[in-house]
There are 2 protein chains.
Amino acid sequence: MVGAMNNEPARPPKAELQASADVVLLTIEDDRLKVVLVERTKEPDKGSLALPGGFMWAGEDAVTTARRVLAAKAGVTGDVYMEQLYTFSEPGRDSRGHILSVSYMALVRREDLVFAEGPLTETPALYPAVGHPKLSFDHDRILKYGLKRMRDKLLYTNIAYALLPMHFTLTQLQRVYEIVLGRDLDKRNFRKKYLSLDMIRPVEAAMRGGRHRPAQMYEFVYAKPVELAEPAL
Amino acid sequence: MVGAMNNEPARPPKAELQASADVVLLTIEDDRLKVVLVERTKEPDKGSLALPGGFMWAGEDAVTTARRVLAAKAGVTGDVYMEQLYTFSEPGRDSRGHILSVSYMALVRREDLVFAEGPLTETPALYPAVGHPKLSFDHDRILKYGLKRMRDKLLYTNIAYALLPMHFTLTQLQRVYEIVLGRDLDKRNFRKKYLSLDMIRPVEAAMRGGRHRPAQMYEFVYAKPVELAEPAL
DNA sequence: AAAATAGTGTCTATAAGACATTATGTC
DNA sequence: GACATAATGTCTTATAGACACTATTTT
């Protein structure tokens, strides 16, 4: 009806914006849940800590950006568990301009995490996920979101596999749950429950070492994300 | 050098892209769960059905875009329940270019849904959410995602409030659950369970009408999203 | 044999699910 | 009083959670 103007009155500008991916990369080290943070070497907020992140490149989707960032900043290359968390898009969230951030949570085994030695512009390191230092931008909020997601998913999926070696003992599995959930679990109840889920199976191997009885080792039946019919704990 | 080449040079181009918000707007009509779809009047995919959506404007965040789209295309202006679903960012998802889509699920009471009479270029209408027609772009995927989210959240939150009038009967509440979950529920078990959650309280009113016993009416204690400690069903 | 961790079973309490009848309005 | 929906309770089964001792290996 109105010629060139179709939908909107006096059509305002479509936003030409940039998008970034920011990753909450979690691992377990020294019986604690830790997160990879990088020290910013550029303004804004030079010198402070932030989640590893980077701009989306042309032709990339957000998860590709996230994987590239993990490889570049945390030396993580193998296939990592990664899931999208949330997209933050408030115009004021980054002082450099309107930058939309697609956030991800990633899980990695500590031994697969090798911080690159090369000429990195930003140095990555591990920090306690609970009681972490203050972060730049709105990254505190993103990290908080990632931690909640992690705890929730532990209870109704098998994602613990992403933090354990291929073969592990029930005690190690229980420790993952205790560390992430932040509370002690009863050994007998944990084993009874977990074994009833049919998510893990025993393997022909025992964990030896230490002056004590060796432990039966297990492996996950599915080494990929699976939702449980019933809650895991 | 604002090149489109992606040769992995020292510094590839940051993507300058556009972002849109697409909304899975659900309601209940005639005892069925329905979704608002619009008929496309422009290429690409002119004439086919799609979720209501629109481009983010400069200075807007994605949820503002989503609300603007709801008002413009579905006449929905009151405060609507809305939550972010997922962000789709594959370069090939829209033939017009690299358009990132932040998707939302929204819930509205049928009586609050007034399709605008004005010179709309796209006509919105209600379609069955289960057994809906084929949609444009990747909107089938987004709708599927929205339906799953809706069913999941019904089980551990109070979002049913967003589909019911302020005062309602337990039978009406049960119908919402049955319609969304797609299965019949036992009346006695449903009431016992739901009342034990302390999410609703009786009000001084009865639903009259029809030649039968009037029903006690209830209201939600919190008319906003609340997560339940225990599952709702 | 001492040390250290692995491995196991019972009891109780709570929740889930199957199931049918009585109650109270309107017409 | 006929109709239509509202409202209610019991029993069975499954799950969650509290709780302590024996088994096996190494040194």
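Each remark here, short or long, concerns the structure printed above.
Everything numeric in this text was worked out from a predicted model, so none of it was measured.

A.B. asks: Is there a simple way to explain the protein's contact with DNA strand C in this structure?
C.D. replies: Taken together, the neighbourhood of DNA strand C is formed by 23 residues, with K187, R211 and Q216 of chain A together with R211 and R213 of chain B sitting nearest. Take the atoms of DNA strand C that sit within 4 Å of the protein: sugar and phosphate atoms are 47% of them. Within the side chain of K192 of chain A, a nitrogen or oxygen atom sits 3.1 Å from a base oxygen of DNA strand C. Listing elements by their share of the surface near DNA strand C, those giving two or more residues are helix 4 (187-196) and strand 10 (215-220) of chain A together with helix 4 (187-196) of chain B. Counting residues per element, the surface near DNA strand C draws most heavily on helix 4 of chain A, which supplies 5 residues.

A.B. asks: Sorry if this is basic, but what is going on with the interface of chain A and chain B here?
C.D. replies: It is common to report an interface's size as the accessible area lost on association of the parts. Between chain A and chain B, the residue contacts involve 31 residues of the former and 35 residues of the latter. Summed over both sides, the interface between chain A and chain B buries roughly 3000 Å², with carbon and sulfur atoms accounting for 54% of that surface. On the chain A side of the interface with chain B, the three residues burying the most area are K14, W57 and Q84 of chain A, jointly 18% of the side's total. Where chain A touches chain B, the interface holds 1 salt bridge. E227 of chain A serves as the salt-bridge partner of K148 of chain B, at 3.9 Å between the closest nitrogen and oxygen. At the level of secondary structure, the elements contributing two or more residues to the side of chain A that touches chain B comprise strand 1 (18-29), strand 5 (81-88) and strand 6 (99-107) of chain A.

A.B. asks: Any chance you could explain the layout of surface pockets here in plain terms?
C.D. replies: A probe as big as a water molecule, rolled over the atoms, marks out the empty space that is left. When its volume is computed, the largest pocket comes out at roughly 1900 Å³. Together, 46 residues line the largest pocket, and D152, K153 and Y156 of chain A together with D152 and Y156 of chain B are the ones closest to its centre. For the lining of the largest pocket, the secondary-structure elements that each account for two or more residues are helix 1 (62-74), strand 5 and helix 2 (139-156) of chain A together with strand 5 (81-88) and helix 2 (139-156) of chain B. Top contributing element to the lining of the largest pocket by residue count: helix 2 of chain B, with 8 residues. Partitioned by chemical class, the residues of the lining of the largest pocket number 26 nonpolar, 3 polar and 17 charged.

A.B. asks: In this structure, what is going on with the protein's contact with DNA strand D? I would like to understand it.
C.D. replies: Inspection of the region around DNA strand D gives 23 residues, with N189, R213 and P214 of chain A together with H212 and Q216 of chain B positioned closest. Taking R213 of chain A, its side chain carries an N or O atom lying 3.2 Å from a base nitrogen of DNA strand D. The backbone of R211 of chain B places a nitrogen or oxygen atom 3.1 Å from a base oxygen of DNA strand D. Only helix 4 of chain A together with helix 4 and strand 10 (215-220) of chain B provide two or more residues apiece to the surface near DNA strand D. Element by element, the count of residues in the surface near DNA strand D is highest for helix 4 of chain B, at 5 residues. Within the surface near DNA strand D, the residues separate by chemical class into 3 nonpolar, 7 polar and 13 charged.

A.B. asks: Sorry if this is basic, but what is going on with the nonpolar core here?
C.D. replies: As a rule of thumb, soluble globular proteins bury nonpolar side chains together. Residue and element names in this part refer to chain A. Core analysis: the largest hydrophobic core is formed by 45 residues, its most contacted members being L26, L107, M150, L173, Y177, Y194 and F220. Listed by contribution, the elements that provide at least two residues to this core are strand 1, strand 2 (32-39), strand 5, strand 6, helix 2, helix 3 (170-181), helix 4 and strand 10. The dominant element in this core, judged by the number of residues it contributes, is helix 3, at 7 residues. In this structure, this core is formed jointly by two domains, domain 1 (18-154) and domain 2 (157-220), each of which donates at least three residues. In this view, Y177 contacts L154, T157, A160, G182, L185, F190, Y194, A232 and L233; residues no more than four positions away in its chain are not counted.

A.B. asks: What should I look at first to understand the sheet that holds strand 9 (residues 200-207) of chain B in this one?
C.D. replies: Neighbouring strands of a sheet are bound in pairs by backbone hydrogen bonds; such pairs are parallel or else antiparallel. All names here are of chain B. The strand order across the open sheet formed by 3 strands is 8-10-9, and the pairing between neighbours is antiparallel. Looking along the sheet, the strands with just one partner apiece sit at the ends: strand 8 (168-169) and strand 9. Relative to strand 10, strand 9 runs antiparallel, the two being bridged by 6 bridges. Bridge assignment links V203 to a residue of strand 10, and that residue is M217.

A.B. asks: Even after reading the chapter, I still don't get helix 2 of chain A, so can you show me in this structure?
C.D. replies: One turn of an α-helix holds 3.6 residues; hence residues three or four places apart share an orientation. Residues and elements named next belong to chain A. If you check helix 2, its first and last C-alpha atoms are 26 Å apart, about what 18 residues at 1.5 Å a residue would give, namely 26 Å. Taken residue by residue, helix 2 has H139, I142, L143, G146, L147, R149, M150, K153 and L154 as its buried positions. The buried residues of helix 2 occupy one face: seen down the axis, they fall within an arc of 165°. On its buried face, helix 2 is in contact with strand 1, strand 2, strand 3 (49-50), strand 5, strand 6 and helix 3.

A.B. asks: I tried to follow the environment of R175 of chain B on my own but got confused; where do I start?
C.D. replies: Residues and elements named next belong to chain B. Its place among the elements puts R175 in helix 3 (residues 170-181). Between the alpha carbons of R175 and D31 there is a distance of 7.8 Å; along the sequence they are 144 residues apart. A polar side-chain atom of R175 sits 3.0 Å from a polar atom in the side chain of D31.

A.B. asks: Teacher, can you tell me more about the relation of the copies chain A and chain B here?
C.D. replies: There are two copies of the chain, and a rotation about an axis plus a shift along that axis relates them. Of the two same-sequence chains, chain A is brought onto chain B (RMSD 0.0 Å, axial shift 0.0 Å) by a rotation of 180°. Such a turn and shift between the copies fits a two-fold axis. Most of the interface of chain A is mirrored in chain B, where 94% of its interface residues are also at the interface.

Rules behind the numbers
- Residues numbered from 1 in each chain as written.
- Chains lettered and ligands numbered in written order.
- Predicted model: local features only at pLDDT ≥ 70, side-chain atom pairs only at ≥ 80, totals over all residues.
- Heavy atoms only, no water.
- Near = heavy atom within 4 Å.
- Polar contact = N/O pair within 3.5 Å; in protein donor to acceptor, adjacent residues only side chain to side chain.
- Helix = DSSP H or I, 4+ residues; strand = E, 2+ residues; numbered from the N terminus.
- Contact = heavy atoms within 4.5 Å.
- Buried area = accessible area lost by both parts, 1.4 Å probe.
- Salt bridge = Lys/Arg side-chain N within 4 Å of Asp/Glu carboxyl O.
- 1 Å grid on protein atoms, 1.4 Å probe; cavity = no way out; pocket = protein on both sides within 12 Å on 5 of 7 lines; lining within 4 Å.
- Points joined across faces, edges and corners; volume = space filled by probe spheres on them.
- Nonpolar A, V, L, I, M, F, W, Y, C, P; charged D, E, K, R; others polar.
- Core = buried A, V, L, I, M, F, W, Y, C linked by side-chain atoms within 4.5 Å.
- Buried < 20%, exposed > 50% of the residue type's maximum accessible area, 1.4 Å probe, protein only.
- Domains from an automatic or database assignment.
- Pairing = 2+ DSSP bridges.
- Expected span 1.5 Å × (residues − 1).
- Arc of directions from axis to C-beta.
- Least-squares fit on C-alpha atoms with pLDDT ≥ 70 in both.

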